[in-house]
Amino acid sequence: MGNWDEVMLSSINISAKDILQQVKLSCQIPAIVEQIAIRKLIISAAAEAQIEVDPKELQQAANNIRLVSKLRSADQTWAWLQKNSLSVDDFEEMVYTNVISGKLAQYLFGEQVEAWFFEHQLDYYRAVIYEIILEDEDLAMELFDQIQEGQMIFPEVAQKYIHEQELRRTGGYRGILNSKDMKPEISSAVFAAKPPQLLKPIVTAQGIHLILVEELIQPKLDDKLRYQINSDLFNIWIKEQLKEIVILKNIDTNS
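What is the right way to look at the overall build of the chain in this model?
Scanning the chain from terminus to terminus reveals 12 helices and 5 strands. The C-alpha radius of gyration of the chain comes to 26 Å, more than 25% above the 18 Å expected for a compact globule of 255 residues. Projecting the C-alpha coordinates of the chain onto the three principal axes gives extents of approximately 70 × 70 × 40 Å. Burial status across the chain gives 32% buried among its 255 residues. Per element, the accessible surface of the chain, about 18100 Å² overall, is 51% carbon and sulfur.

Printed below as a string of structure tokens:
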């Protein structure tokens, strides 16, 4: 074996060209190009709509970024900027883009949120479920009958038949899910349930699902859901706009 001390580098110089080349080798160009196109689209659409940003809005947004990033002092903020190769101007541009994006979304879809909610209300119902996935349909039906007859309880079945340790410890608890988090055949059965209810075994490509629906949570159009719907509508709009735009890429690591 050779002497590692002779081949170890004392320093490595990384240029912008190196970074771009690594992005290409990591096959990240399509995702980054799309992000750039979205940013340019938002800035252009906001300018066309004559949307302006107040300095107080920028300051509040900057404070929010510092709060989320746990930057409690000027020194921490400066170190964070250096770590991410951001100048102060870059940071201000990032803040501005976040603010103008939110204002454009509100401008385009703010007044459509309530109508969308009432039209798609079922999509925002959530369910608290517990789940066991089995390989044998006969066994699943047998366990279903035993739970229904009171011979066993769901946590006992979960402890015995769930192999994943963390899921077994929680008795098969899957969390609070909406319809988008589930397979269609499972979603339709879950949201037709009358909790607390154990569903008859459901067969999917993943296996045979034994599901306990503990609770169905009716959606309320609060600020959080308003923001979610507004964001969903805005993202749909962005995807539709991107389909109509020709993106010209000029990427050359040799230049």
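That was the structure; now back to the text.
Is there a simple way to explain the nonpolar core in this structure?
Nonpolar side chains in soluble globular proteins generally cluster together in the buried interior. Formed by 20 residues in total, the largest nonpolar core has its most connected members in Ile42, Leu104, Ile229, Phe234, Trp237 and Ile238. For this core, the secondary-structure elements that each account for two or more residues are helix H3 (29–48), helix H6 (88–109), helix H7 (113–119) and helix H12 (223–243). Sort the elements by how many residues they give to this core and H12 lands first, with 7 residues. Once residues lying within four places of it in the same chain are set aside, the contact partners of isoleucine 42 are Ile100, Ser101, Leu104, Phe234 and Ile238.

Is there a simple way to explain the packing of H3 against H6 in this structure?
Each pair of packed helices gets described by two things: the angle between the helix axes and the distance between those axes. Here H3 crosses H6 at 60 degrees, and the two axes come no closer than 10 Å. Comparing their axes, H6 and H3 come out oblique. H3 and H6 meet at a crossing whose hand is left-handed. For the pair formed by H3 and H6, the contact residues are Arg39, Ile42, Ile43, Ala45 and Ala46 on the first element and Glu93, Tyr96, Thr97, Ile100, Ser101 and Leu104 on the second. Of the residues assigned to the contact of H3 with H6, the class counts are 7 nonpolar, 2 polar and 2 charged.

How should the side chain of histidine 209 be read in this particular structure?
Relative to the elements of secondary structure, histidine 209 occurs in strand E5 (residues 207–217). On the accessibility criterion, histidine 209 (1% relative accessible area) is buried. Reaching out from histidine 209, the side chain makes a polar contact with the side chain of glutamate 131 at a distance of 2.7 Å. Setting aside residues no more than four positions away along its own chain, histidine 209 makes contact with Glu131, Ile132, Ile133, Ile186, Lys200, Pro201, Ile202 and Thr204.

Honestly, the layout of surface pockets in this entry has me stumped. Any pointers?
Vacant regions in the atomic arrangement are exposed by a probe of water-molecule size rolled over the atoms. What the largest pocket holds in volume is close to 680 Å³. Along the wall of the largest pocket there are 14 residues; nearest its centre are Ile32, Gln35, Ile36, Arg39 and Leu86. Only helix H2 (16–25), H3 and H6 provide two or more residues apiece to the lining of the largest pocket. Looking at the lining of the largest pocket residue by residue, the class counts come to 7 nonpolar, 4 polar and 3 charged. Lining the second largest pocket are 15 residues, and of these Asn98, Ser101, Gly102, Lys103 and Tyr227 sit closest to its centre. Those elements that place two or more of their residues in the lining of the second largest pocket are H6 and H12. Counting residues per element, the lining of the second largest pocket draws most heavily on H6, which supplies 7 residues. For the lining of the second largest pocket, the per-class residue count stands at 5 nonpolar, 7 polar and 3 charged.

Hey, could you run me through the environment of leucine 199 in this one?
By secondary structure assignment, the location of leucine 199 is in the loop between strand E3 (197–198) and strand E4 (202–204). Here leucine 199 falls in the buried class, since its relative accessible area comes to 6%. In this structure, the C-alpha to C-alpha distance between leucine 199 and isoleucine 211, residues 12 residues apart in sequence, is 5.5 Å.

Cut-offs applied
- Residues numbered from 1 in each chain as written.
- Predicted model: local features only at pLDDT ≥ 70, side-chain atom pairs only at ≥ 80, totals over all residues.
- Heavy atoms only, no water.
- Helix = DSSP H or I, 4+ residues; strand = E, 2+ residues; numbered from the N terminus.
- Rg over C-alpha atoms; globule rule 2.2 N^0.38 Å.
- Buried < 20%, exposed > 50% of the residue type's maximum accessible area, 1.4 Å probe, protein only.
- Areas by Shrake-Rupley, 256 points an atom, 1.4 Å probe, with all protein chains shown as cover.
- Core = buried A, V, L, I, M, F, W, Y, C linked by side-chain atoms within 4.5 Å.
- Contact = heavy atoms within 4.5 Å.
- Axes fitted to C-alpha atoms, helices over the stretch in contact; angles between N-to-C directions.
- Parallel < 35°, antiparallel > 145°, perpendicular 65-115°, else oblique.
- Left-handed = near helix turned anticlockwise from the far one by under 90°.
- Nonpolar A, V, L, I, M, F, W, Y, C, P; charged D, E, K, R; others polar.
- Polar contact = N/O pair within 3.5 Å; in protein donor to acceptor, adjacent residues only side chain to side chain.
- 1 Å grid on protein atoms, 1.4 Å probe; cavity = no way out; pocket = protein on both sides within 12 Å on 5 of 7 lines; lining within 4 Å.
- Points joined across faces, edges and corners; volume = space filled by probe spheres on them.

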